[in-house]
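Each chain, written out:
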Amino acid sequence: MESNAEMSFWDHLEELRWMLFRVLIGLVFFMILSFIFMPYLFDTIVMAPCNKDFFLYQLMNRIGSFTHVIPDFLHKPFQVEIINIKLASQLFIHMSLSFWTALFITFPYLVYEIWKFICPALYKNEKNGIRWTFLFGTIMFFLGSSIGYFIVFPLTLRFLYTYELSSLITNQLALDSYMNNFLMLIFMLGIVFELPLLSMLFSKLGFLKRSFFGKYRRHAITAILVIAAIITPSSDPFTLMIVFIPIYILWELSALLVKKEEKEI
């Protein structure tokens, strides 16, 4: 392979074009595959948190039989009724969800293509560190998305859907509203879990020092509490802590992954 020093601007542009082409082919392939299987995926995965037998609800009920720390809204009757009020919503959601599913599946391949593109520009000692950084970032993205799907979204859904301003109001959830919150929370948690990766990259570029985390720890705790309250608008501390603790652990993990200043060594 031609080294980075020998490649001209147009060679880089050509390599970038082919990289984007390969990623696009993979994305389109999985979009078609996702579109075919989406009715099954939608019923068994996307709609699963609407079921009172969802594993998180069963787990909370079991914990609730031994302790009283489980919030009250998890004990309320729960049966979500999804309705569609727009003529083309089901078709558009079928298509958009196929795209997001394909993007989720091809995310590791996208990271690999980015790595392969920048690899020639790196020295040998830099390649090992950056390779593990990309791998770590991929794992953290899927971990964050999993927490969003299995914990954050179901708790948010159950709290908001069972919240009652008046007994005269019957809750019916619009399909568009359900999908917007579903995708936002899952992908948002995936992005939030990239905090350690960003910290590592900024550290390698010299923009971030470990002393920053110690200096602004109290500010970070306040900000994380606000973020957790926005993600899970529940009034009980139990639900708030479920979101707060993982994000705070990410903050501390980021501090550990950032290089120390010379005076700290």
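Below you will find a few notes about this structure. A quick note: this is a predicted structure, and the numbers were derived from the prediction, not measured.

### Some details on the nonpolar core
Buried together is how nonpolar side chains tend to be arranged in soluble globular proteins.
Moving on, step 1. Counting 50 residues, the largest nonpolar core has Leu 157, Tyr 178, Met 179 and Phe 182 as its most contacted members.
Moving on, step 2. Looking at this core, the elements with two or more residues in it are helix H1 (9–46), helix H2 (55–64), helix H3 (89–118), helix H4 (124–162), helix H5 (175–192), helix H8 (217–231) and helix H9 (237–257).
Moving on, step 3. Excluding residues that lie within four positions of it along the chain, Met 179 makes contacts with Phe 42, Val 46, Ile 93 and Leu 97.

### A short note on the layout of surface pockets
Moving on, step 1. The space that makes up the largest pocket amounts to roughly 490 Å³.
Moving on, step 2. Taken together, 21 residues make up the lining of the largest pocket; nearest its centre are Ile 45, Val 46, Thr 101, Phe 104 and Phe 182.
Moving on, step 3. Taken together, the elements giving at least two residues each to the lining of the largest pocket come down to H1, H3, H4 and H5.
Moving on, step 4. If you tally residues by element for the lining of the largest pocket, the top one is H1, at 8 residues.
Moving on, step 5. Residue classes in the lining of the largest pocket are distributed as 17 nonpolar, 4 polar and no charged.

### Quick word on the pattern of salt bridges
Moving on, step 1. What the rule picks out here adds up to 3 salt bridges.
Moving on, step 2. For Glu 113, the salt bridge identified is with Arg 22, shortest N-O distance 3.0 Å. In this pair, Glu 113 is assigned in helix H3 and Arg 22 in helix H1, connecting sequence segments 91 residues apart.
Moving on, step 3. For Arg 22, a relative accessible area of 25% corresponds to the partly exposed category.

### Some remarks on the packing of aromatic side chains
Moving on, step 1. Considering all chains together, one arrives at 27 aromatic pairs under this definition.
Moving on, step 2. Their ring planes at 55° and their centres at 5.9 Å tell us that Phe 159 and Tyr 163 sit as a pair that is tilted.
Moving on, step 3. Cation over ring: Arg 158 sits above Tyr 57, and NZ or CZ is 4.7 Å from the ring centre.

Calculation notes
Residues numbered from 1 in each chain as written. Predicted model: local features only at pLDDT ≥ 70, side-chain atom pairs only at ≥ 80, totals over all residues. Heavy atoms only, no water. Core = buried A, V, L, I, M, F, W, Y, C linked by side-chain atoms within 4.5 Å. Buried < 20%, exposed > 50% of the residue type's maximum accessible area, 1.4 Å probe, protein only. Helix = DSSP H or I, 4+ residues; strand = E, 2+ residues; numbered from the N terminus. Contact = heavy atoms within 4.5 Å. 1 Å grid on protein atoms, 1.4 Å probe; cavity = no way out; pocket = protein on both sides within 12 Å on 5 of 7 lines; lining within 4 Å. Points joined across faces, edges and corners; volume = space filled by probe spheres on them. Nonpolar A, V, L, I, M, F, W, Y, C, P; charged D, E, K, R; others polar. Salt bridge = Lys/Arg side-chain N within 4 Å of Asp/Glu carboxyl O. Phe/Tyr/Trp six-rings, centres within 6.5 Å; stacked < 30°, edge-to-face > 60°. Lys NZ or Arg CZ within 6 Å of the ring centre and 35° of its normal.

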